[in-house]
Amino acid sequence: MKSSRFAAFAAAALVCPGLVLVGSPASANPAAGAPGAHNAITDVPGIQVGQVQSDTAPYLTGTSVVYMPQMSVASVDQRGGAPATKETDLLSPLNSNPGVNAIQLGGSSMYGLSATNGIIRWLEDRGEGVRVGAGGVAPIVPAADIFDLGRGGDPKARTSAEWGYLAAQATSDGPVRQGGVGGGTGARGGGMRGGVGTASVHLGDGIYVGAMVIVNPAGSPVDPADCTLYGVKYGIGDEFAGYKAPKKKECNPPTPPAAAAEQPANTTIAVVATNAPLEKAAAQRMSGNAHDGMARAISPIHTLGDGDTVFAVSTGKGEALQINDPADSRQLNAIFNAGASTLARAIAKAVLSSESIGNTTSYCDRYPSACKGMKQLKQWRTQGNAPDVTPQTFAAATQALAQTPVPAPAGADNGKGKDKPKPKAAPAGNTTNDAGQESQNGMVLASGNTGGPTLSTGVTTGLLAAAILGVGLLGMHLRGRRRTPSAPLS
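Residues numbered from 1 in each chain as written. Predicted model: local features only at pLDDT ≥ 70, side-chain atom pairs only at ≥ 80, totals over all residues. Heavy atoms only, no water.

## Observations concerning a positive patch on the surface
(1) Moving on: A cluster of like positive charges, contributed by Lys244, Lys247, Lys249 and Lys372, occupies part of the molecular surface.
(2) Moving on: A residue is classified by how much of its surface remains accessible, and Lys244, at 55% relative accessible area, is exposed. (Patch = residues over 30% accessible without salt bridge, like charges linked within 9 Å, V, L, I, M, F, W, Y side chains within 5 Å. Areas by Shrake-Rupley, 256 points an atom, 1.4 Å probe, with all protein chains shown as cover. Salt bridge = Lys/Arg side-chain N within 4 Å of Asp/Glu carboxyl O. Lys, Arg positive; Asp, Glu negative; His and termini not counted. Charge placed at Lys NZ, Arg CZ, Asp CG, Glu CD. Buried < 20%, exposed > 50% of the residue type's maximum accessible area, 1.4 Å probe, protein only.)

In structure tokens:
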């Protein structure tokens, strides 16, 4: 029975926020109501995260990827007035798409959506995606990006397919680095630096809910009454141990230059996930309810200048919970409420983990007394892998993306050479051939061309010779006509 399976976590999620229950968890799981081992979205079985970034001028941006090795049910709820999103229509319960392979949370606004091309290529090389035709796959990678253009210098210093490819390569199910990394490298809000945050909770019986967010709002995560963070009150146990309300002399300081120059284009974007099996409609409901977590931790939220978007993912297998089944309501409400609270906690962690850069001050530098006793901040800022994009790694990713082998048409040899051994297919992601060089199996698509196959040198020469000959014959014909006298008029 589904009801017995979720009895423990339904009770855990309905208690007061911050209370850790002592239950009868499985041997490898924490108590019901406690964070997971990493206190990150990667505590949800079937979820991995990869992040890359650059804060070397003129860059101040990056890409984060939430990756599901097994295609997972997903949906989305978008409420801000200025979104930069991709492939979100696929996630509607009205559409047939079965799930997603990865979700991008990135920087560089609409330009950064091109980073999904690198994630898609990485997935294609691994054979992951919806099966289309004989041996082909269509990786499903929805995306949402924040506005951070020009915050590190030139507005054209932005992410691309190479960044997505490198972020996908960095995915793991371990700890997740927080603060000014990945897609949150150029994030800010309320005149302070924003960033990446993540959190999780174990609901009992091996069921987890996790959240990952990039905080970049037009509003502020700070309560103007006392300069505390709205989201801290939703912490679990000693999650925010050492945090204090800032001293009065620090509260409401003069507006810093970064706040005065705040651009109206912002956005807070997130993924909430669970390993409870959900139907697609329930996943959409989960994403919608998670927006309550944004509203708890940021004010104002969902403005016309924001593109606030939340994706929801279910990695669970088996009989799915359904929103129109009364027997599932209690379990679903527990998951949805946990998603909202976990997202609020992740927002607070993002702000506390951020560090000042340039003329953009972090919360902990603006209110040092609030963070002074938080020993866990160093761990949040340093644990997990988040490599910088360097000229060397960018060049390697460019080379990996340079060629896509295209098989020769079936029967192209018209039955000739049947006794000859067939050449071995080039491995996925092969980078040994120069761009535009003919591969063993046929043509290649070269980076930087118009998207069509590159013709071999022999074919190109033949076409050119035919064109020259045709022009010559046409010229001879025209000269002959001019030399023929006109017939006299009758």
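Further notes follow.
## Overview of the nonpolar core
(1) Moving on: Counting residues in each nonpolar core, the largest one holds 52 residues, and the members touching the most others are Tyr243, Ile335, Leu343, Leu352 and Tyr363.
(2) Moving on: Among the elements that take part in this core, helix H8 (residues 329-353) stands out by supplying twelve residues, more than any other.
(3) Moving on: When residues no more than four places from it in sequence are discounted, the contact partners of Tyr243 are Cys227, Thr228, Leu229, Val232, Leu352, Tyr363, Ala370 and Met374.
(4) Moving on: Counting residues in each nonpolar core, the second largest holds 29 residues, with Ile47, Val176, Phe311 and Ala386 among its members. (Core = buried A, V, L, I, M, F, W, Y, C linked by side-chain atoms within 4.5 Å. Helix = DSSP H or I, 4+ residues; strand = E, 2+ residues; numbered from the N terminus. Contact = heavy atoms within 4.5 Å.)

## Things to note about empty space enclosed by the protein
(1) Moving on: According to the stated counting rule, one finds two cavities of 30 Å³ or more in the structure shown.
(2) Moving on: If you go around the largest cavity, the residues you meet are Val49, Gln51, Ala170, Ser172, Gly174, Pro175, Val176, Arg177, Gly384 and Asn385.
(3) Moving on: Residue composition of the lining of the largest cavity, grouped by class: four nonpolar, five polar and one charged.
(4) Moving on: If you add up the space inside the second largest cavity, you get close to 40 Å³.
(5) Moving on: Along its surface, the second largest cavity is lined by Pro58, Leu60, Thr61, Ser108, Asp148, Leu149, Gly150, Arg151, Gly152, Gly153, Asp154 and Ala157.
(6) Moving on: A per-class count over the lining of the second largest cavity returns four nonpolar, five polar and three charged. (1 Å grid on protein atoms, 1.4 Å probe; cavity = no way out; pocket = protein on both sides within 12 Å on 5 of 7 lines; lining within 4 Å. Points joined across faces, edges and corners; volume = space filled by probe spheres on them. Nonpolar A, V, L, I, M, F, W, Y, C, P; charged D, E, K, R; others polar.)

## Looking at the packing of aromatic side chains
(1) Moving on: One pass over the structure, following the stated rule, counts five aromatic pairs.
(2) Moving on: With a centroid separation of 5.1 Å and an interplanar angle of 80°, the aromatic rings of Tyr67 and Trp122 are classed as edge-to-face. Of this pair, Tyr67 sits in strand S2 (residues 61-78) while Trp122 sits in helix H4 (residues 115-125), placing them 55 residues apart in sequence. The same class applies to Tyr67 and to Trp122, which are both buried.
(3) Moving on: Taking 6.1 Å as the distance between ring centres and 85° as the angle between the ring planes, the aromatic pair formed by Phe240 and Trp380 counts as edge-to-face. One end of the pair, Phe240, is in the loop between strand S11 (207-215) and helix H6 (257-260); the other, Trp380, is in helix H11 (residues 377-382), and 140 residues separate them in sequence. For the pair Phe240 and Trp380, one class covers both residues: buried.
(4) Moving on: For the cation-ring pair, Arg158 lies above Tyr111, with the distance from its terminal atom to the ring centre recorded as 3.6 Å.
(5) Moving on: Against the face of Trp380 rests Lys349, its NZ or CZ located 5.0 Å from the ring centre. (Phe/Tyr/Trp six-rings, centres within 6.5 Å; stacked < 30°, edge-to-face > 60°. Lys NZ or Arg CZ within 6 Å of the ring centre and 35° of its normal.)

## Thoughts on helix H5 (residues 161-169)
Residues that lie three or four places apart on an α-helix share one face, since the helix turns once every 3.6 residues.
(1) Moving on: Most of H5 is tucked away: eight of the nine residues are buried.
(2) Moving on: For H5, the complete set of buried residues consists of Ala161, Glu162, Trp163, Gly164, Tyr165, Leu166, Ala167 and Ala168.
(3) Moving on: In the core, the buried residues of H5 are packed alongside strand S1 (48-54), S2, H4 and helix H12 (391-401).

## Overview of the state of the cysteines
(1) Moving on: Inspection of every chain in the model, using the stated rule, returns two disulfides.
(2) Moving on: Between the sulfur of Cys227 and that of Cys251 lies a disulfide, 2.2 Å long from S to S. Residues Cys227 and Cys251 are joined through a disulfide that is right-handed, its torsion about the S-S bond being 85°. Linking Cys227 in the loop between S11 and H6 with Cys251 in the loop between S11 and H6, this pair joins segments that are 24 residues apart in sequence. For the pair Cys227 and Cys251, one class covers both residues: buried.
(3) Moving on: The side chain of Cys364 participates in a disulfide bridge whose partner is Cys371; the two sulfur atoms lie 2.1 Å from each other. A torsion of -80° about the S-S bond marks the disulfide between Cys364 and Cys371 as left-handed. One exposure class covers both Cys364 and Cys371, and it is buried.
(4) Moving on: Going through the protein in sequence order and numbering each bonded cysteine, the pairs you get are 1-2, 3-4. (Disulfide = S-S within 2.5 Å.)

## Description of the pairing of strand S10 (residues 195-204)
(1) Moving on: In terms of burial, S10 is largely enclosed, as ten of its ten residues are buried.
(2) Moving on: Relative to S11, S10 runs antiparallel, the two sharing nine bridges. Looking across to S11, one finds that Gly204 is bridged to Ile207. (Pairing = 2+ DSSP bridges.)

## Side note on the side chain of Thr42
(1) Moving on: When you line up the elements, Thr42 lands in the loop between helix H2 (7-13) and S1.
(2) Moving on: Using a relative accessible area of 7% as the deciding quantity, one classes Thr42 as buried.
(3) Moving on: Look past the residues within four positions of Thr42 in its chain and what remains in contact with it is Ile47, Gln48, Val49, Ser172, Asp173, Gly174 and Val176.

## Some details on the confidence of the model for the protein
Any region with low pLDDT has predicted coordinates that should not be read closely.
(1) Moving on: Across the protein, the average pLDDT comes to 82, with 74% of residues at or above 70.
(2) Moving on: Note that pLDDT drops below 50 for residues 257-261; the model gives that stretch seven contacts with residues more than four away or on any other chain.
(3) Moving on: Low confidence marks residues 476-490, where pLDDT is under 50. Its contacts with residues over four positions away, or in another chain, come to zero contacts. (pLDDT = per-residue confidence, 0-100.)

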